[in-house]
Amino acid sequence: MGIFGRNKKQRPAAGLDIGGGMRVHIDASPQEVKRIVKGLRARAEAGDVAARADLARMLEYQGKEEEAALWYQQAAFGGDVDAAAWLADRLLKDGQFAYGLDYLRIAARGGHLSAAFNLAALLLDQDRDSEEGARWMRSAAEAGHPKAMDHLGLDEAKLQAARDDLARDIAAAEQGDADAAHRAATALLALGEGDRAEPWLEVAANGGIADAAWELALRLRERGQTTRALVLLEQAGRNGRPGAARLGGIWLYGDGEPAAAVPLLRRAVAEGETLLIPVLGAALSAAGDLAGAEAALRPAADAGDWQAQYNLLSVLQQRAGGTGTGPQSEEMRSLLERATVGLHAQAQERLDAGRPQQAVDLLLIGARAGDPAAQRSLGQLLLAMDPKDPEGKEWLRRSGAGGRA
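Residues numbered from 1 in each chain as written. Predicted model: local features only at pLDDT ≥ 70, side-chain atom pairs only at ≥ 80, totals over all residues. Heavy atoms only, no water.

Draft legend 1. Here's a closer look at the overall build of the protein. Across its full length, the protein holds 22 helices and zero strands. In the protein, buried positions account for 43% of the 405 residues. Here the analysis covers contacts within the protein between residues at least 6 apart in sequence; of these, 47% occur between residues at least 24 apart. When the accessible area of the protein is evaluated, it comes to approximately 20500 Å², of which 50% is carbon and sulfur surface. (Helix = DSSP H or I, 4+ residues; strand = E, 2+ residues; numbered from the N terminus. Buried < 20%, exposed > 50% of the residue type's maximum accessible area, 1.4 Å probe, protein only. Contact = heavy atoms within 4.5 Å. Areas by Shrake-Rupley, 256 points an atom, 1.4 Å probe, with all protein chains shown as cover.)

In structure tokens form, the structure reads like this:
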């Protein structure tokens with residue numbers, strides 16, 4: 001497709017278990033139904049989660065699906081897994097794939113077996129190597145879901161053997177066996193039992209197992225425990241896990257701590273992570289070291305790295321005391337031209353591959369760097385995907401003014 005191609009809706013994978021909602025069948029007069037609904041509504045509005053779910057079912061029975069969906073949503077937020085599964089079903093059928101997955105996750109985490117299988121099937125249909133999909137599939141199989149068991153080629157005897165292996169590994173881990181702790185943690189993560197896995201990841205990490213330290217670092221980072229996560233990353237790196245400096249540097253830079261990120265990013269680049277050079281340059285610039293940023297960025301920019309070219313342009317503008325909107329030197333104009341050509345080539349590749357959101361993400365880099373051509377392309381692409389998108393209109397407006405993002 002061209003630079004302004006449209007996104008296609010994603011369709012759910014075949015073979016799911018989601019039904020058509022949770023319809024009720026009652027033998028009552030219309031007056032009795034109204035009385036029941038009135039009573040349920042009073043309890044639901046007072047915060048009764050069970051009443052919210054029951055009210056949703058009654059409204060669905062009456063054919064009031066829009067209002068029913070609102071109460072299903074309230075019930076789902078309150079922890080009703082059947083309500084979350086109903087919403088997932090409706091959203092998936094309406095083509096709202098990402099939102100459908102969100103409600104499937106709510107239901108699956110609450111123990112809804114079909115939701116766990118459906119979530120696994122959809123994730124694996126998107127990406128057959130999805131770690132999250134594999135975990136949910138294993139969890140559904142462990143709980144006895146026949147389609148999940150068939151998908152994994154398991155039978156009851158194999159499942160019982162897996163349970164026995166887990167029990168033995170936990171017993172050994174309790175005695176300090178790091179390898180057993182890692183096996184137990186891996187099995188529990190595959191079952192979706194992350195909370196039970198974390199203590200054994202800790203044991204394995206303390207026993208020198210790099211992958212355990214890495215996995216635990218990722219989990220702690222998700223909960224905002226970055227300081228402890230960085231210690232674990234360093235531990236993983238010392239024990240042979242590559243990429244620790246890269247990930248730690250990216251975390252710190254993303255958290256608004258460029259000076260702290262610089263040493264880690266420098267180490268990552270020295271270890272061969274050359275794709276991080278633009279990030280290192282940006283971190284140095286944000287930390288106030290413009291000379292260091294230029295020295296880091298210039299070789300990559302000269303070699304054709306368009307992100308490094310954008311970042312070097314920003315550094316040169318700062319060193320010249322400019323804002324990026326005034327007159328530019330010949331070198332600055334050349335950098336901008338080369339950067340926009342490289343950016344648009346990669347954005348077009350993403351579009352041709354049917355991944356417009358990735359093209360948007362790339363164009364955002366140039367648009368935020370103040371490139372009018374990137375701003376114009378981004379605005380046109382967003383409006384091609386959604387003619388009412390206010391962000392698309394805003395980027396088009398900025399491109400016309402030639403201003404910085």
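Draft legend 2. Fine view of the pattern of salt bridges. Per the stated rule, a full pass over the model turns up 23 salt bridges. With a closest N to O distance of 3.0 Å, glutamate 198 and arginine 219 form a salt bridge. Residue glutamate 198 is located in helix H11 (residues 194-206), and its partner arginine 219 is located in helix H12 (residues 210-222); the two are separated by 21 residues in the primary sequence. Residues arginine 298 and glutamate 331 are paired through a salt bridge, measuring 2.7 Å at the closest nitrogen-oxygen approach. Of this pair, arginine 298 sits in helix H17 (residues 290-302) while glutamate 331 is found in helix H19 (residues 330-352), placing the two residues 33 residues apart along the sequence. With a relative accessible area of 24%, arginine 298 lands in the partly exposed category. With a relative accessible area of 35%, glutamate 331 lands in the partly exposed category. Each of the salt bridges in this network shares a partner with another, and the network as a whole consists of Glu294, Arg298, Arg319 and Glu331. (Salt bridge = Lys/Arg side-chain N within 4 Å of Asp/Glu carboxyl O.)

Draft legend 3. Fine view of the nonpolar core. Leu55, Tyr72, Leu101, Tyr103, Leu104, Leu119 and Trp136 are the most contacted members of the largest nonpolar core, which totals 46 residues. Every element with two or more residues in this core is listed here: helix H1 (30-45), helix H2 (49-61), helix H3 (65-77), helix H4 (81-93), helix H5 (97-109), helix H6 (113-126), helix H7 (131-142) and helix H8 (146-152). Among the nonpolar cores identified, the runner-up in size contains 43 residues, and Ile277, Ala293, Ala296 and Leu313 belong to it. (Core = buried A, V, L, I, M, F, W, Y, C linked by side-chain atoms within 4.5 Å.)

Draft legend 4. Broad picture of the packing of aromatic side chains. Applying the stated criterion across every chain, the model contains two aromatic pairs. Geometrically, the ring pair formed by tyrosine 72 and tryptophan 86 is stacked, given 4.0 Å between the ring centres and 25° between the ring planes. With tyrosine 72 in helix H3 and tryptophan 86 in helix H4, this pair connects stretches of sequence that are 14 residues apart. No difference in accessibility class separates tyrosine 72 from tryptophan 86, as the two residues are buried. Ring geometry for tryptophan 306 and tyrosine 310: centres 6.1 Å apart, planes at 90°, overall edge-to-face. (Phe/Tyr/Trp six-rings, centres within 6.5 Å; stacked < 30°, edge-to-face > 60°.)

Draft legend 5. Representation of the packing of H2 against H3 in the model. Running from N to C, H2 and H3 cross one another at 160°; their axes reach a closest spacing of 8 Å. The angle between the axes of H2 and H3 places the two elements in the roughly antiparallel class. As H2 runs across H3, the sense of the crossing is left-handed. Together, Val49, Arg52, Ala53, Leu55, Ala56, Arg57, Leu59 and Glu60 of H2 and Glu65, Glu67, Ala68, Trp71, Tyr72, Gln74 and Ala75 of H3 make up the contact between the two elements. (Axes fitted to C-alpha atoms, helices over the stretch in contact; angles between N-to-C directions. Parallel < 35°, antiparallel > 145°, perpendicular 65-115°, else oblique. Left-handed = near helix turned anticlockwise from the far one by under 90°.)

Draft legend 6. Structural view of the side chain of glutamine 235. The topology assignment puts glutamine 235 in helix H13 (residues 226-238). The contacts of glutamine 235, once residues within four sequence positions are left out, are Ala205 and Asn206.

Draft legend 7. Spotlight on H7. Here H7 is 12 residues long and its end C-alpha atoms lie 16 Å apart, about the 16 Å a rise of 1.5 Å per residue gives. Inspection of H7 places Gly133, Trp136, Met137, Ser139, Ala140 and Ala141 among the buried residues, and these make up the whole buried set. Regarding H7, its N-cap is serine 130, as a side-chain oxygen of that residue lies 3.5 Å from the backbone nitrogen of glutamate 132 further along. Positive backbone phi, approximately 95°, marks glycine 144, located one or two places after H7. (Expected span 1.5 Å × (residues − 1). Polar contact = N/O pair within 3.5 Å; in protein donor to acceptor, adjacent residues only side chain to side chain.)

Draft legend 8. Fine view of the confidence of the model for the protein. The pLDDT averaged across the protein works out to 83; a share of 88% of its residues lies at or above 70. The low-confidence segment residues 18-26, where pLDDT is below 50, has 26 contacts with residues more than four positions distant or belonging to other chains. (pLDDT = per-residue confidence, 0-100.)

Draft legend 9. Summary view of the packing of helix H16 (residues 277-286) against H17. Where H16 meets H17, the axes come as close as 7 Å, and the angle between the chain directions of the two elements is 165°. By the criterion of interaxial angle, the relationship of H16 to H17 is roughly antiparallel. Where H16 crosses over H17, the handedness of that crossing is left-handed. Between H16, through Ile277, Pro278, Leu280, Gly281, Leu284 and Ser285, and H17, the contact on the second element is made entirely by Leu290, Gly292, Ala293, Ala296, Leu297 and Ala300. Across the contact of H16 with H17, the residue classes break down as nine nonpolar, three polar and no charged. (Nonpolar A, V, L, I, M, F, W, Y, C, P; charged D, E, K, R; others polar.)

Draft legend 10. Here's a closer look at helix H18 (residues 306-319). Here H18 is 14 residues long and its end C-alpha atoms lie 20 Å apart, about the 20 Å a rise of 1.5 Å per residue gives. Those residues of H18 lying buried are Trp306, Ala308, Gln309, Tyr310, Leu312, Leu313, Val315, Leu316 and Gln317. Taken together, the buried residues of H18 touch H16, H17, H19, helix H20 (356-368) and helix H21 (372-385). Its side-chain oxygen placed 3.0 Å from the backbone nitrogen of glutamine 307, aspartate 305 serves as the N-cap of H18. A positive phi of about 75° marks glycine 321, the residue just after H18.

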